[in-house]
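Close look at the chain arrangement
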Amino acid sequence: MSFYLAIKEVWRNKGRFALIASVVALITTLVLFIAALAEGLASANREYIEKLNGELLVFQEGTQLSTTASRIGRERIAELRRVEGIEAVGQVGFSTLKLVPPDGGADINVSFIGVEPGLPGEPQVYAGQQIERDRGNNVIVDEGVVARIGAQVGDTITLKVTQGTQEEFYDLTIIGLTDRRQYFFQPAVFAPLNTWDKIRPDGGAADAELVSNIAVVRLQDPAAQEAMTTKIEQEVKDVEAANRQTAWEAIPGYAAQQSTLSTQQFFTFFIGVLVVGGFFQIQTLQKVAQIGMLKAIGLSNWTVGWTAIIQIVTVNAIGVVIGAIGTLALTANFPVTVPIMLTGATALASVLALLAIGPLGGIVSVFVLLRIEPLRALGMAQ
Amino acid sequence: MIALEAINVTKIYGTGANAITAVNDVSLSIKRGEFVAMVGPSGSGKTTMLAMLAGLLKPSHGQIIIAEKDIGRMSEGKRTKFRGQYIGFAFQANNLVPFLNAQENVELLLRLNGKLNRQSRQRARDLLDRLGLGERLKNRPGQLSGGQQQRVAIARALIHEPEVVLADEPTASLDTERAHQVVQTFAELIHEQNRAGVMVTHDLRMCKYTDRVIQMMDGKISRIIADRHEILRLAGAADALEGPAPSPNGRPVLAGDPLVAVQGI
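Residues numbered from 1 in each chain as written. Chains lettered and ligands numbered in written order. Predicted model: local features only at pLDDT ≥ 70, side-chain atom pairs only at ≥ 80, totals over all residues. Heavy atoms only, no water.

Turning our eyes to something else, we now look at helix α2 (residues 76–86) of chain B. Every buried residue belonging to α2 of chain B is among Arg79, Thr80, Phe82, Arg83 and Gly84 of chain B, and all of these are buried. Against the buried residues of α2 of chain B lie α9 (288–296) of chain A together with β4 (61–66), β5 (69–70), β6 (87–90) and α3 (102–112) of chain B. (Buried < 20%, exposed > 50% of the residue type's maximum accessible area, 1.4 Å probe, protein only. Helix = DSSP H or I, 4+ residues; strand = E, 2+ residues; numbered from the N terminus. Contact = heavy atoms within 4.5 Å.)

What follows deals with the pattern of salt bridges. Applying the stated criterion across every chain, the model contains 27 salt bridges over all chains. Residue Arg12 of chain A is joined to Glu104 of chain B by a salt bridge in which the shortest nitrogen-to-oxygen separation is 2.7 Å. Residue Arg12 of chain A is located in helix α1 (residues 2–12), and its partner Glu104 of chain B is located in helix α3; the two belong to separate chains. Linking Arg212 of chain B and Glu34 of chain B is a salt bridge whose minimum nitrogen-to-oxygen distance equals 2.7 Å. With Arg212 of chain B in strand β9 (residues 212–217) and Glu34 of chain B in the loop between β2 (20–31) and β3 (35–39), the pair connects residues that are 178 residues apart, well separated along the chain. Of the two residues, Arg212 of chain B and Glu34 of chain B, both sit in the buried class. (Salt bridge = Lys/Arg side-chain N within 4 Å of Asp/Glu carboxyl O.)

With that settled, consider the environment of Ile65 of chain B. All names here are of chain B. Note that Ile65 resides in strand β4. Considering only alpha carbons, one finds Ile65 and Leu53, 12 residues apart in sequence, at a separation of 8.6 Å. Dropping the residues within four chain positions of it, Ile65 is found in contact with Ala3, Leu4, Glu5, Ile7 and Asp70.

Next up on the list: the interface of chain B and chain A. Counting from both sides, the interface comprises 27 residues of chain B and, opposite them, 22 residues of chain A. Across the chain B/chain A interface, buried area totals approximately 2300 Å², and carbon plus sulfur atoms make up 69% of it. Counting the contacts that link chain B with chain A gives two salt bridges. At the level of elements, α1 (46–53), α2 and α3 of chain B are the ones that each hand at least two residues to the side of chain B that touches chain A. Per-element tally for the side of chain B that touches chain A: the top contributor is α3 of chain B, with five residues. When the residues that make up the side of chain B that touches chain A are grouped by side-chain class, the tally is 15 nonpolar, six polar and six charged. (Buried area = accessible area lost by both parts, 1.4 Å probe. Nonpolar A, V, L, I, M, F, W, Y, C, P; charged D, E, K, R; others polar.)

Our next topic: the packing of helix α10 (residues 301–332) of chain A against helix α11 (residues 344–371) of chain A. Residues and elements named next belong to chain A. The contact between α10 and α11 brings their axes to 9 Å, and the two run at 150 degrees. As judged from the angle between their axes, α10 and α11 are roughly antiparallel. Viewed along their axes, α10 and α11 form a crossing whose handedness is right-handed. Of the residues in α11, those touching α10 at Asn301, Val304, Gly305, Ala308, Ile309, Ile312, Val313, Asn316, Ala317, Val320 and Ala324 are Val351, Leu354, Leu355, Ile357, Gly358, Pro359, Gly362, Ser365, Val366, Leu369 and Leu370. (Axes fitted to C-alpha atoms, helices over the stretch in contact; angles between N-to-C directions. Parallel < 35°, antiparallel > 145°, perpendicular 65-115°, else oblique. Left-handed = near helix turned anticlockwise from the far one by under 90°.)

Residues and elements named next belong to chain A. Summed over all chains, the structure comprises 13 aromatic pairs over all chains. Centre to centre, the rings of Tyr183 and Phe184 are 5.3 Å apart; their planes meet at 35 degrees, and the pair counts as tilted. Looking at Tyr183, the relative accessible area reads 4%, which means it is buried. Here Trp302 and Trp306 contribute two aromatic rings whose centre-to-centre distance is 5.8 Å and whose plane-to-plane angle is 70 degrees, an arrangement assigned as edge-to-face. In this pair, Trp302 and Trp306 both sit in helix α10, four residues apart, roughly one turn of the helix. According to the relative accessible area criterion, Trp302 is exposed, its value standing at 64%. Among the residues examined, Trp306 registers a relative accessible area of 37% and is labelled partly exposed. Of the aromatic side chains, those joined through ring pairs into one cluster are Tyr48, Phe94, Tyr183, Phe184 and Phe190. Here Lys14 stacks its cationic end above the ring of Trp11, 4.0 Å away from the centre of that ring. (Phe/Tyr/Trp six-rings, centres within 6.5 Å; stacked < 30°, edge-to-face > 60°. Lys NZ or Arg CZ within 6 Å of the ring centre and 35° of its normal.)

Residues and elements named next belong to chain B. Note that Thr171 resides in the loop between β7 (164–168) and α6 (176–193). Sequence separation between Thr171 and Gln150 is 21 residues; the distance between their C-alpha atoms is 8.1 Å. Not counting residues within four places of it along the chain, the set of residues in contact with Thr171 comprises Ala179, Val183, Thr201, Asp203 and Met206.

Residue and element names in this part refer to chain B. Positive phi outside glycine occurs at Asn8, with the angle close to 45 degrees. In this fold, Asn8 is placed in strand β1 (residues 2–13). Given the relative accessible area of 39%, Asn8 is considered partly exposed. Despite not being glycine, Asp25 shows a phi value in the positive range, around 55 degrees. By the secondary structure assignment, Asp25 is in strand β2. Accessibility expressed as a relative area gives 44% for Asp25, which makes it partly exposed.

Any functional reading would require information beyond the geometric quantities listed.
Written out as structure tokens, the structure is:
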């Protein structure tokens, strides 16, 4: 009975319910878009660190886990390698420079990351080969670079570096492609640490110690992160260690950016609850006499309540599905430079939350329906 | 055979000094196949009485027996279910479900009671046809006139073969001609289907279609007219004015008639 009444009313008042479904669809688009933007921005910021093949990152003490401020020299690396429980340590250096597109377009900012071949920090390639030599002009590029310049294994790319006031150009050969490993919102180019040190702006002199920004540590027991963090900080001088999540959360601006987007998402949800709630509340108030009559002729509160719930859930679900499909189509057609990423988990969490806004918004109207007294509604009350 | 019986029914609103006795120790019984008009001035207790007979209101004292069950002792949930099975309603306002067509509105009670099948559907169509709505089955209430809507409401009140059919001012929103048509058909169906019918009305002209007139005054039954001639005389006197159907708080229609004078209309 509830299902019959709910669906009949929606079907016979398609215009009215289509209106609220489209509002829900727009709210869904907005929520999913913000979620995709938050995920895209977060990912663009942390992708490389998130996918590192090591459990802990070691920074210079007092640098507040800042990859750009931290400096880790060979001496510290040697000490780290002696700590019991550590399987491997790789030095990683970060810098930003320009990639000169082969077609002559505008330069592209890239994260130029120095890694040690075969050690934690070097990304796994899906095409081509890993870096084999400590030196040399071979690099691995991530899919962000591939998407922007259409690079393939064997191609040569040109990096532009400003050393002092001089512009220098370096030709490097792509030997491997890896999945998306953006860092600091930029696609990544991975070079052997020595090559990185030579090319990066204000790189070290030839006779100086090879200094990286951080060390990436792979543990013998990946579950012992907490204990090993303490142990490393106790046994190695002037360093602080953190797991990957702590490290990416410490990226400047990351937390502020994510909390801003979360707040926007929350308020969009809140608006959604109010809009859906308002619509069904107005509709309920318009139907007081009708509901009173239905109760008088024998419809139970249970039936009346379920009718409203089925209606709210159906209309809301239609809106959410339309909005979700629209958002998927929209995000699929954005250029690669726009940081929009709608992952399955993000979409699912948002869609589930959006499916809840209907019942949440409509809960007041359901209570109003349950409290309608047939006598009063029919004008027979004394 | 008695279909509906009220035994020493009293309804008191409020408590202490604010208590108002709307119905005071009223007893009545209505047989199957009998159509009764309940009349009286505003505040006489007839609507409260009807609400109690319908199981919409619990009496403060006394019993209301329908289908051998005291509905005053039932829980809210049981009374609601009971209403759906044993009582048919036609209200003052049409109150049809606006998004269902005429046939679906009538079938609502069949659906509620799990009795919707090919035969009962045909019965609903036949009933609407009998009420002159055979061409209007697929029309929604908004596409029907007031009289047509009220006839759909009457069909809905009767379709599930209830023990008792109750009507609260069923002609209040109709013009004189349509009011007569509606009540006449209502009475015919009640008699044909052997139901017990109670109609609360201010329009004494409609009494001519009933078998008995119960007049209420100050919460009590002040007079019962069961004589056919007297009922017709009363209705005829009210009809003599030939004006539109009076509103519940309208002017007197025949000051000389004692019942009409009591009615205060």
